[in-house]
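# Analysis of the macromolecular model
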Amino acid sequence: MDTSKSEEKLLEHNKEDAAEDVANGHLSEPPQAKILKRQEKNGPQTIDLSLSNCYTSEEYALQLQKQWFSEQSKDYKDETTGVELYTNPFQICLLPNMLNNTDSCKLLVDEMVKKVHWSRKQMDLYEFYQSTDLSNMIECKFLANFLQMLRRSVRPWLEKLTNLKLDYVSASCSMYTCGDYLLVHDDLLKDRQIAFIYYLSPWEENELWNQEQGGCLEIFASDDKCLPRFPVQRKISPKNNQFAFFKVGSKSFHQVGEVTTFDYPRLTINGWFHGASNEDLIADAIRPFAKLQFKPPISVNPQSSVDLLLNEVYLKPTTKRSIQKRIEDNSEICLYEFFRREIFEEALKELLNDDKLKWSRQGPANVQNFEVLDLKTATKTLTQIIELFSNTEMFSLLRDYTDLDLSGPNAANPQFTLEIQRWSHGDYTVLGDGAICEDNTLDLIYYLNASEGAAIITYLSPDTEQAGTGQGLKQTGGGDDVSDTDSLEGEGFDDDDESVLLTITPVDNALNIVYRCEGTTKFTKYVSRNTPLENGPVFVISCSYKE
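Residues numbered from 1 in each chain as written. Predicted model: local features only at pLDDT ≥ 70, side-chain atom pairs only at ≥ 80, totals over all residues. Heavy atoms only, no water.

On to the overall build of the chain, then. Counting secondary structure elements, the chain contains 13 helices and 24 strands. Sorting the 547 residues of the chain into buried and exposed places 55% on the buried side. Sequence separation of at least 24 residues holds for 83% of the intrachain contacts in the chain that already meet a minimum separation of 6. Total accessible area computed for the chain in this model is approximately 24700 Å², and 46% of it derives from carbon and sulfur atoms. (Helix = DSSP H or I, 4+ residues; strand = E, 2+ residues; numbered from the N terminus. Buried < 20%, exposed > 50% of the residue type's maximum accessible area, 1.4 Å probe, protein only. Contact = heavy atoms within 4.5 Å. Areas by Shrake-Rupley, 256 points an atom, 1.4 Å probe, with all protein chains shown as cover.)

Here it is as structure tokens:
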């Protein structure tokens, strides 16, 4: 086959992915083209995938096994081979110079460029490029040989080291370009026993990445409930020809930090060695998750806060009827310039400049990462806004907007929850049990200091088995769980067109009203470091109401 025509066809095949990256600020050209410019045009066409001699030594295997099962909590490093074994917060082993011949790394990368079809993966949990499983790549002889090496050489070696029975290996290629990431997860699924990552960065003077380039494997410690906590405890930078592995368990929380360099992609071959069903799945199933705490409305102050704070147009009977009709038809509406302009500006000024405000970071890290205001520390205008969203007068106004029984003689037990959030680079929420709406609710989302790309909220349709009977956001089908054959470094919810019900884009002083039915889920998209936040963090007042 003519090589130039083959590459031209490959680049054409990835046009849509490239256009999407350009829109997201990731790339100015397809990722294959970027790597091609870094690769040598000529080189050896035979590959040597033999392991470094030290790793095939029976004596060394026993020495490392002794360290693996050592009860000491100290980290271990072999000064001769460079092998490192970290013990905290969980065991992870790094094997530098895994292959004898480093030219093999260039051949593997070259084949990734010319023959691998990359699929763009975008979910609540991650954004990056991924290949199919290596077992399906019969046209990629080097990658197919690498899989055979994992099966025939690495698998028995790991069995001896860990005393685990490993039945088979699944693996794929991953490519992270600037802005790509993978959020906190533990890899615990089905029969996964050992997770591994083989790093490919065969570019002169860039074999080892520095932390400013991003793409680190970031390790989290866990609390007594087996939930990951901030901050990151350890970072492992990509290093060419290095093999990293760890035992998958209920505390093996890790993430891939956002890639911040445009110069090189983060390339890996990664996957799992599988055995019997992982016993830690039992502990995983009983993990608690936080629920929203609802409370009844407070009594209204003698002086009407609605008249003092809101844009008067939203208090007119004709406007209320129009809002109700829109929500009845579409389950959502956005009310621009909701507060009086002077109220909005004063509230934003307090949020940006008031040193008395106290913020706390919300976790656990595998669920969310943003800051929430201690409402007791709010002053002046912020206190007025909090009281407005909390009082019976607001419940009455929302009844007029939606015809829900939030006020009046038919209101049995109306309740609400409220928090003021602060969003900066690296913040996110992901889908999970805690993101599922257990009742039909009315969500209010209000932005201050809005910035494009920060604190974007996506609503997703419920699974058909979980869907309630409410008439909230229209159900258009559920997303697919990531299957084991996808060989990702994590799991997530497929953010495809059919499952997305609504995406809320931040706009200053705009109140978004969303009626969602039981079972509907939502997440706030990861705030990339490419997102401009010149004016400071984005603030979100988030409320939920139920009858």
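Now that the structure is up, let's keep going.
Enumeration over the complete set of coordinates arrives at 21 salt bridges. Put simply, Arg 120 and Asp 180 hold a salt bridge, and the shortest N to O gap is 2.7 Å. You can see Arg 120 sitting in strand 4 (residues 119-122) and its partner Asp 180 sitting in the loop between strand 6 (166-176) and strand 7 (181-185), a full 60 residues away along the chain. Relative accessible area serves as the criterion here: at 12%, Arg 120 is assigned to the buried category. Looking at Asp 180, the relative accessible area reads 0%, which means it is buried. Ionic pairing is found between Asp 400 and Arg 399, a salt bridge with its closest N-O pair at 3.6 Å. You can call Asp 400 partly exposed: its relative accessible area is 24%. (Salt bridge = Lys/Arg side-chain N within 4 Å of Asp/Glu carboxyl O.)

With that settled, the discussion passes to the packing of aromatic side chains. Between two aromatic rings, the relevant description is the distance of the centres plus the angle of the planes. For the structure shown, the criterion picks out 24 aromatic pairs. Ring plane angle 75° and centroid distance 6.4 Å describe the contact between Tyr 55 and Trp 157, whose orientation is recorded as edge-to-face. Taken together, the residues Tyr 55 in helix 4 (residues 53-56) and Trp 157 in helix 7 (residues 141-162) connect sequence positions 102 residues apart. Look at Tyr 55 and you get buried, because its relative accessible area is 3%. By relative accessible area, which is 11% here, Trp 157 ends up buried. Here Phe 339 and Tyr 446 contribute two aromatic rings whose centre-to-centre distance is 5.0 Å and whose plane-to-plane angle is 80°, an arrangement assigned as edge-to-face. Taken together, the positions of Phe 339 in the loop between strand 14 (332-335) and helix 11 (341-353) and Tyr 446 in strand 19 (residues 441-448) put the pair 107 residues apart, joining distant regions of the chain. Summarising the burial analysis for this pair, Phe 339 and Tyr 446 share the class buried. Grouped by ring-pair contacts, the aromatic residues Tyr 55, Tyr 60, Trp 68, Trp 157, Phe 196, Phe 243, Phe 245 and Phe 273 constitute a single cluster. For the cation-ring pair, Arg 192 lies above Trp 272, with the distance from its terminal atom to the ring centre recorded as 3.4 Å. (Phe/Tyr/Trp six-rings, centres within 6.5 Å; stacked < 30°, edge-to-face > 60°. Lys NZ or Arg CZ within 6 Å of the ring centre and 35° of its normal.)

A separate point is the pairing of strand 11 (residues 243-247). Where burial is concerned, most of strand 11 is hidden: four out of the five residues are buried. By the bridge criterion, four bridges tie strand 3 (residues 92-95) to strand 11 in an arrangement that is antiparallel. When the bridges of strand 11 are listed, Cys 93 appears paired with Phe 245. (Pairing = 2+ DSSP bridges.)

This brings us to the nonpolar core. A general trend in soluble globular proteins is that nonpolar side chains are found buried together. Core analysis: the biggest nonpolar cluster contains 71 residues, and Leu 143, Leu 150, Tyr 198, Phe 243, Phe 245, Ile 269 and Phe 273 have the highest contact counts within it. At ten residues, the largest contribution of residues to this core is made by helix 7. Grouped together as the second largest cluster of nonpolar side chains are 45 residues, Leu 351, Leu 357, Leu 404 and Tyr 515 included. (Core = buried A, V, L, I, M, F, W, Y, C linked by side-chain atoms within 4.5 Å.)

Moving on to the packing of helix 11 against helix 12 (residues 380-390). With their axes 8 Å apart at the nearest point, helix 11 and helix 12 run at an angle of 115° to one another. It follows that helix 11 is roughly perpendicular to helix 12 by the angle criterion. Crossing of helix 11 against helix 12: the hand is left-handed. On helix 12, the residues touching Ile 343, Glu 346, Ala 347, Glu 350 and Leu 351 of helix 11 are Lys 380, Thr 381, Leu 382 and Ile 385. Residue classes in the contact of helix 11 with helix 12 are distributed as five nonpolar, one polar and three charged. (Axes fitted to C-alpha atoms, helices over the stretch in contact; angles between N-to-C directions. Parallel < 35°, antiparallel > 145°, perpendicular 65-115°, else oblique. Left-handed = near helix turned anticlockwise from the far one by under 90°. Nonpolar A, V, L, I, M, F, W, Y, C, P; charged D, E, K, R; others polar.)

Looking at the secondary structure, you find Glu 332 in strand 14. In this structure the side chain of Glu 332 is engaged in a polar contact, spanning 3.0 Å, whose partner is the side chain of Arg 326. If sequence neighbours within four positions are ignored, Glu 332 has contacts with Arg 326, Ile 327, Leu 502, Ile 513 and Val 514. (Polar contact = N/O pair within 3.5 Å; in protein donor to acceptor, adjacent residues only side chain to side chain.)

Turning next to the environment of Ser 70. Inspection of the secondary structure puts Ser 70 in the loop between helix 5 (58-68) and strand 1 (76-77). Judged by relative accessible area, Ser 70 falls into the partly exposed class, the value being 30%. In the structure, Ser 70 is positioned 17 residues away from Thr 87 in sequence and 9.5 Å away in space, judged by C-alpha atoms.

Between its first and last C-alpha atoms helix 7 spans 30 Å; for 22 residues at 1.5 Å apiece the expected length is 32 Å, and the two agree. In the structure, helix 7 departs most strongly from a straight axis at Val 154, where the bend amounts to approximately 40° and where the proline Pro 156 lies between one and four residues downstream. Residues Phe 142, Leu 143, Phe 146, Leu 147, Met 149, Leu 150, Val 154, Trp 157, Leu 158, Leu 161 and Thr 162 constitute the buried set of helix 7. Looking one or two residues past helix 7, Asn 163 carries a phi angle of roughly 60°, positive in sign. (Expected span 1.5 Å × (residues − 1). Bend = angle between axes of the 7 residues up to and from the residue.)

Our focus in this paragraph is the sheet that holds strand 20 (residues 457-460). The antiparallel open sheet is built from three strands, whose spatial order is 21-20-23. The open sheet has two edge strands, strand 21 (500-504) and strand 23 (521-524), and neither has a second partner. Averaged over all pairs of adjacent strands, the angle between strand axes in this sheet comes to 15°, irrespective of strand direction. Direction of pairing for strand 20 relative to strand 21: antiparallel, over a ladder of four bridges. Looking at strand 21, one finds that Thr 458 is bridged to Thr 503.

For the rest of this paragraph, the subject is unusual backbone geometry. With an omega of -5°, the peptide bond running from Phe 230 to Pro 231 counts as cis. With respect to the secondary-structure elements, Pro 231 resides in the loop between strand 9 (217-219) and strand 10 (234-236). A cis amide bond, omega 0°, links Gly 363 with the succeeding residue Pro 364. Following the sequence through the fold, Pro 364 ends up in the loop between strand 15 (359-362) and strand 16 (368-373). Positive phi, close to 50°, is recorded for Asn 97, a residue that is not glycine. Of note, Asn 97 is situated in the loop between strand 3 and helix 6 (103-115). Residue class for Asn 97 comes out partly exposed when judged on its relative accessible area of 44%.

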